[in-house]
Amino acid sequence: MVADNTDDPLDFINNSSGELPDGIPPDLVKLLLNEIIRVKELIKYYDAIPDGAGQLGSSILNELVTEAYNSLVNYDVVLMEKYYALLQNCD
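The structure reproduced in this document is the subject of the present report.

Thoughts on helix α2 (residues 26-47)
Along its 22 residues, α2 runs 32 Å from first to last C-alpha, staying within 8% of the 32 Å computed at 1.5 Å per residue. Taken together, the buried positions of α2 are occupied by Leu28, Val29, Leu32, Leu33, Glu35, Ile36, Val39, Leu42, Ile43 and Tyr46.

Structure below.
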């Protein structure tokens, strides 16, 4: 958990003067970015498993994170919702 806003890696969203394209709720963007950050921490865990036992899990999670980033870059709300749901179930 984040103790205060100065440590929030997504604080730039709240302080941004830029506008998102119509139809994209800023909450969805922030939620998806939070999930991406959380899953990237899981990837580190899988990478640290000895003898390459976590490689499959790591590569699957990396692919999900890449596709989630692409949905953000392309402002695809449908895919953003899809990858948000998928990332929530990663552990």
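That was the structure; now back to the text.
Thoughts on the nonpolar core
Leu32, Ile36, Val39, Leu61, Leu72, Leu87 and Cys90 are the most contacted members of the largest nonpolar core, which has 19 residues in total. Among the secondary structure elements, those contributing two or more residues to this core are α2, α3 (55-73) and α4 (77-88). Not counting the four nearest positions on each side in its chain, Ile36 is found in contact with Val65, Ala68, Tyr69, Leu72 and Leu87.

As for unusual backbone geometry
Even without a glycine there, the phi angle at Asp51 is positive, about 60 degrees. Tracing the sequence through the fold places Asp51 in the loop between α2 and α3. Backbone geometry at Tyr75 places phi at a positive 55 degrees, although glycine is not the residue there. Structurally, Tyr75 can be placed in the loop between α3 and α4.

Regarding the pattern of salt bridges
In the structure shown here, the tally under the stated rule is two salt bridges. A salt bridge links Glu35 to Arg38; its shortest N-O distance comes to 3.0 Å. Taken together, the residues Glu35 and Arg38, both in helix α2 and three residues apart, mark about one turn of the helix. The exposure class assigned to Glu35 is buried, which follows from its relative accessible area of 13%. One salt bridge connects Lys44 with Glu41, and the closest N-O pair in it is separated by 3.2 Å. A residue pair is termed a helical-turn pair when its members lie 3 or 4 positions apart in one helix, as Lys44 and Glu41 do in helix α2 at three residues.

How each quantity is defined
- Residues numbered from 1 in each chain as written.
- Predicted model: local features only at pLDDT ≥ 70, side-chain atom pairs only at ≥ 80, totals over all residues.
- Heavy atoms only, no water.
- Helix = DSSP H or I, 4+ residues; strand = E, 2+ residues; numbered from the N terminus.
- Expected span 1.5 Å × (residues − 1).
- Buried < 20%, exposed > 50% of the residue type's maximum accessible area, 1.4 Å probe, protein only.
- Core = buried A, V, L, I, M, F, W, Y, C linked by side-chain atoms within 4.5 Å.
- Contact = heavy atoms within 4.5 Å.
- Salt bridge = Lys/Arg side-chain N within 4 Å of Asp/Glu carboxyl O.

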